[in-house]
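Notes for the structure review
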Amino acid sequence: VLQQWEAVFVTEIKRCGEVLQRHRCRPVCHKYGNDDRCRFLFPHEVVEASSFDPETNSVILMCRDSTVNYFNPYILVFCRHNHDIKCILSGRGAKAAMFYISDYITKMDVKTYEVLSLL
């Protein structure tokens, strides 16, 4: 039974990965002056094995396909949504993530011109 489950799980990882995690550049990728490159940093560099870089104090994740977001197979299959896994220990990456997350979760539904009309 376990071998059958593993086979189904691997199939689902491939199916969900292709549908949910594969990046295809669209116009939104080139906003904010990123005319010549994807602002989401695609394609990723292909990396054969995950490692730790002591000089930059960062974890480099394995990447077998340059157009697929980093993902957790269990989150992918059981939640069935796209996500991007990053290892953020400290420093600039952590600060950038903190600002991104706080900006993202505090997005206002009200447009700026609507707020200004109230003044």
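**So, the layout of surface pockets**
A water-sized probe rolled over the atoms picks out the places where empty space is left. Here the largest pocket is characterised by a volume of approximately 1,700 Å³. Residue lining of the largest pocket: 43 residues in total, with Phe40, Leu41, Asn69, Asp84 and Lys86 positioned closest to the centre. Among the secondary structure elements, those contributing two or more residues to the lining of the largest pocket are helix 1 (2-21), strand 2 (58-60) and helix 3 (91-105). In terms of residue count, the dominant contributor to the lining of the largest pocket is helix 3 (9 residues). Classifying every residue of the lining of the largest pocket gives 21 nonpolar, 12 polar and 10 charged. Approximately 500 Å³ is the volume found for the second largest pocket. What lines the second largest pocket is a set of 16 residues, and nearest its centre among them are Arg64, Asp65, Val68, Asn69 and Phe71. The biggest single contributor to the lining of the second largest pocket is helix 1, with 4 residues. Of the residues in the lining of the second largest pocket, the class split is 8 nonpolar, 3 polar and 5 charged.

**Some details on a nonpolar patch on the surface**
Together, Leu2, Trp5, Tyr74 and Phe78 line one region of the surface with nonpolar side chains, adding up to about 490 Å² of accessible area. Those elements that place two or more of their residues in the nonpolar patch are helix 1 and helix 2 (73-79). Inspection of the secondary structure puts Leu2 in helix 1.

**With respect to the pattern of salt bridges**
This structure, assessed with the given rule, holds 5 salt bridges. For Glu18, the salt bridge is made with Arg22, and the minimal N-O distance between the two is 2.8 Å. The structure contains a network of salt bridges with shared partners spanning Glu18, Arg22, Arg24 and Asp65.

Definitions and limits used
- Residues numbered from 1 in each chain as written.
- Predicted model: local features only at pLDDT ≥ 70, side-chain atom pairs only at ≥ 80, totals over all residues.
- Heavy atoms only, no water.
- 1 Å grid on protein atoms, 1.4 Å probe; cavity = no way out; pocket = protein on both sides within 12 Å on 5 of 7 lines; lining within 4 Å.
- Points joined across faces, edges and corners; volume = space filled by probe spheres on them.
- Helix = DSSP H or I, 4+ residues; strand = E, 2+ residues; numbered from the N terminus.
- Nonpolar A, V, L, I, M, F, W, Y, C, P; charged D, E, K, R; others polar.
- Patch = residues over 30% accessible without salt bridge, like charges linked within 9 Å, V, L, I, M, F, W, Y side chains within 5 Å.
- Areas by Shrake-Rupley, 256 points an atom, 1.4 Å probe, with all protein chains shown as cover.
- Salt bridge = Lys/Arg side-chain N within 4 Å of Asp/Glu carboxyl O.

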